[in-house]
Amino acid sequence: MPAATMDEVVALCKRRGLIFPASEIYGGIANTYDYGHYGVLLKRNVSDAWWKAMIQERDDIVALDSAIIQHPKTWEASGHLSGFSDPLVQCLGKCKKRWRLDHLQEAAVENGEDPAAVKCPQCGGDLTEPRAFNLMFETNIGPVQDESSTVYLRPETAQGIFLDFKQTLSYARKKPPFGIAQIGKSFRNEITPGNFIFRTLEFEQMEMEFFVPPEEAEQWYEYWCQERLNWYVKLGINPERLRLRPHEADELSFYSSGTSDVEYLYPIGWSELEGVANRGNYDLTQHAEHSRQKLEWKDPQTGKGYLPHVIEPAAGLGRTMLALLCEAYDEDEIGGEKRTVLRLHPSMAPIKVAVLPLLRKDGHPEKAREIYEALRKRMSTEYDDGGNIGKRYRRQDEIGTPYGITVDHQTFEDDTVTLRDRDSLSQERVPVAGLADLLEAKINA
Ligand code: GAP
């Protein structure tokens, strides 16, 4: 069963050092988290899977890593300076806290209350009229802090791709339909009700802009909606907890002729994992106008040019991790004792195999280390000889390690070890020779 509450996942992540609040020694900082050892490995597995699907397994998408701080005109052209804002209200009562009006109103509707009469959820005070609050973080280049030196931390990676469209055409030998993909940090000054890493101030996006002939836009939009939904199934998410939700007409950005969210049934309810949007030629038109550069694709045969339309699958690395963690979280019982286990798909597990000597004597540790050192050349492996064997297995179960290998007395008689399966708890004897091949076959099955 997946996690019933977000708190279960938060507690496990903290206990095992996957993800924990940032700046904790100073009391933490709002909506900001650090990723520890196993969290970093899990994050790497997710981003590697995305790169594999976008780049390695295709020949129509190229990679990019653009700057976080771009020319400030970027955000004027994209519309982020004028329109990237949330409606905020401030408490006039005791606590003076700021809230997102749309969030308060949604909660009121869910509770059968009047959305027009919302009060401060913390102290019950009256609220101000809403005010548009821009989500971009500002900073300055150089020593003088005035308007001319103001720049912004990017609120999405997508705009860097549009700025480099022409540059990419000049070297990549691609023509529409083709895509440019990048993974990187984005920053938004979010006012949020928490929910762990679902909505944070800084977060990694995995975005791909797919440039297509205008008449093919609709068909590519449908294609990417399906393709992206299937990707999450491959990572181990049950399709019953995934859905594609087309935006209603009043949710669509003015330039979009279609957007669908890939949603996951998190413990907080159905929420967005990724957005797939048909952006038309809005972004290239805007940047062409503001930069006074031609951003067309020109057919070398006919000499005719056009502005491609863009289909954009935009995913969040943190939200994907959170979905995987919620999906994998489970509790069961072994020998009357409660066990918490992360049933992650083996390809996503931070550690693929743990090598454990049964005893800390009789040559067990030396033999186990020998096996560990051979395996770690091929996969992420951990050696553990601390505590009784049951406790060591429990530790690995909690970080989602799919396989455990135990060296025992019999190992010295016939060069075999016990291979334990995290989910079925089956234990079989397998030869030490060929262990890495056997494990790789299981992980990639
Ligand atoms: N370029 C389009 C774009 O940025 P978005 O829906 O605002 O679209 C895309 O963001 C994805 O980025 C979201 O589906 C979500 O996974 C992730 N994301 C957005 N804001 C986030 C935040 N504050 N914290 C964590 N992830 C976020």
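Residues numbered from 1 in each chain as written. Predicted model: local features only at pLDDT ≥ 70, side-chain atom pairs only at ≥ 80, totals over all residues. Heavy atoms only, no water.

Participant: Before we move on, could you go through the sheet that holds strand S12 (residues 258-266) and cite the residues and values that matter?
Facilitator: Across the sheet, which stays open at both edges, the seven strands sit in the order S3-S9-S10-S16-S13-S12-S11 with mixed pairing between neighbours. Single-partner strands in this sheet number two, and they are strand S3 (61-63) and strand S11 (242-246). Averaged over neighbouring strand pairs, the angle between their axes works out to 25° when direction is ignored. Where S12 and strand S13 (residues 269-280) come together, nine bridges link them in antiparallel fashion. From the neighbouring strand, Tyr264 faces S13, where its bridge partner is Ser271. Seen against the sheet, helix H7 (residues 165-172) touches S3, strand S9 (178-187) and strand S10 (202-212) and runs at an angle of roughly 135° to S9. Strand contacts of helix H10 (residues 317-328): S9, S10, S12, S13 and strand S16 (309-316), with the helix running at about 35° to S12, the strand carrying the most contacts. (Pairing = 2+ DSSP bridges. Helix = DSSP H or I, 4+ residues; strand = E, 2+ residues; numbered from the N terminus. Axes fitted to C-alpha atoms, helices over the stretch in contact; angles between N-to-C directions. Contact = heavy atoms within 4.5 Å.)

Participant: Help me get a handle on helix H9 (residues 282-291), residues and values and all.
Facilitator: Every α-helical turn comprises 3.6 residues, leaving residues that sit three or four positions apart pointing alike. Residues of H9 that are buried: Tyr282, Asp283, Leu284, Gln286, His287 and Ala288. Buried-residue contacts for H9 involve helix H3 (73-78), helix H6 (158-163), H7, S10 and S13. Where H9 ends, the next residue or the one after it, Arg292, has phi of about 55°, a positive value. (Buried < 20%, exposed > 50% of the residue type's maximum accessible area, 1.4 Å probe, protein only.)

Participant: Break down the packing of helix H2 (residues 37-56) against H10 for me, citing the residues and quoting the values.
Facilitator: At a minimum axis distance of 10 Å, the contact between H2 and H10 shows a crossing angle of 110°. In terms of orientation, H2 and H10 fall into the roughly perpendicular class. Here Gly39, Leu42, Lys43, Val46 and Ser47 of H2 lie close against H10, whose contacting residues are Leu317, Thr320, Met321, Leu324 and Leu325. (Parallel < 35°, antiparallel > 145°, perpendicular 65-115°, else oblique.)

Participant: How would you explain helix H14 (residues 435-443) if you had to name every residue and give the values?
Facilitator: Every buried residue of H14 is accounted for by Leu435, Ala436, Leu439 and Ile443. The buried residues of H14 all sit within an arc of 95° when viewed along its axis, so they share a single face. (Arc of directions from axis to C-beta.)

Participant: Outline the pairing of strand S23 (residues 427-431), listing residues and values.
Facilitator: In the sheet, strand S22 (residues 416-421) pairs with S23 via five bridges, with the strands oriented antiparallel. Paired with Leu419 across the two strands is Glu428, which belongs to S23. Between the end of S22 and the start of S23, which pair antiparallel, lie five residues, with Leu425 showing a positive phi angle near 65°.

Participant: So, the environment of Asp384: which residues are in play, and what are the values?
Facilitator: Positionally, Asp384 belongs in the loop between strand S20 (381-383) and helix H12 (389-399). Here Asp384 falls in the buried class, since its relative accessible area comes to 11%. With 44 residues separating them along the chain, Asp384 and Thr340 place their C-alpha atoms 19 Å apart. If we skip the residues at most four places from it in the chain, Asp384 touches Val355, Leu356, Pro357, Arg392 and Arg395. A polar contact of 2.3 Å, which involves the side chain of Asp384, links it to the side chain of Arg395. (Polar contact = N/O pair within 3.5 Å; in protein donor to acceptor, adjacent residues only side chain to side chain.)

Participant: Describe the site of the ligand, naming the residues involved and giving the relevant values.
Facilitator: Glu156, Glu190, Glu207, Glu272 and Leu273 are the nearest of the 20 residues found near the ligand. In this structure, Arg188 approaches the ligand through a side-chain N or O atom, which is 2.9 Å from an oxygen atom. Interatomic distance of 2.9 Å between a side-chain N/O atom of Glu312 and a nitrogen atom of the ligand. Within the complex, 88% of the 550 Å² of free accessible area of the ligand lies under protein. Those elements giving two or more residues to the shell around the ligand turn out to be S10, S13 and S16. When residues in the shell around the ligand are grouped by element, the largest group, five residues, is from S13. Across the shell around the ligand, the residue classes tally to six nonpolar, four polar and 10 charged. (Near = heavy atom within 4 Å. Areas by Shrake-Rupley, 256 points an atom, 1.4 Å probe, with all protein chains shown as cover. Nonpolar A, V, L, I, M, F, W, Y, C, P; charged D, E, K, R; others polar.)

Participant: Could you give an account of the pattern of salt bridges, with specific residues and numbers?
Facilitator: For the structure shown, the criterion picks out 38 salt bridges. Between Arg279 and Glu312 there is a salt bridge, and its shortest N-O distance comes to 3.0 Å. On the criterion of sequence distance, the pair formed by Arg279 in strand S13 and Glu312 in strand S16 is long-range, its members being 33 residues apart. The residues Arg279 and Glu312 share a single accessibility class, namely buried. (Salt bridge = Lys/Arg side-chain N within 4 Å of Asp/Glu carboxyl O.)

Participant: How would you sum up the packing of aromatic side chains? Please name residues and give values.
Facilitator: If you walk through the whole model with that rule in mind, you get 15 aromatic pairs. Considering the side-chain rings of Tyr33 and Phe196, the 5.1 Å spacing of their centres and the 85° angle between planes classify their relative orientation as edge-to-face. In this pair, Tyr33 is assigned in strand S2 (residues 33-35) and Phe196 in the loop between S9 and S10, connecting sequence segments 163 residues apart. Here Tyr33 falls in the partly exposed class, since its relative accessible area comes to 26%. Relative accessible area serves as the criterion here: at 5%, Phe196 is assigned to the buried category. Centroid distance Phe162 to Phe211: 6.2 Å. Interplanar angle 90°. Geometry classified as edge-to-face. Of this pair, Phe162 sits in helix H6 while Phe211 sits in strand S10, and the two are 49 residues apart along the sequence. In terms of burial, Phe162 and Phe211 fall into one category: buried. Here a set of aromatic residues connected by ring pairs shows up, and it is made of Phe162, Phe165, Phe178 and Phe211. Over the aromatic face of Tyr393 sits the side chain of Arg420, whose NZ or CZ is 4.1 Å from the ring centroid. (Phe/Tyr/Trp six-rings, centres within 6.5 Å; stacked < 30°, edge-to-face > 60°. Lys NZ or Arg CZ within 6 Å of the ring centre and 35° of its normal.)

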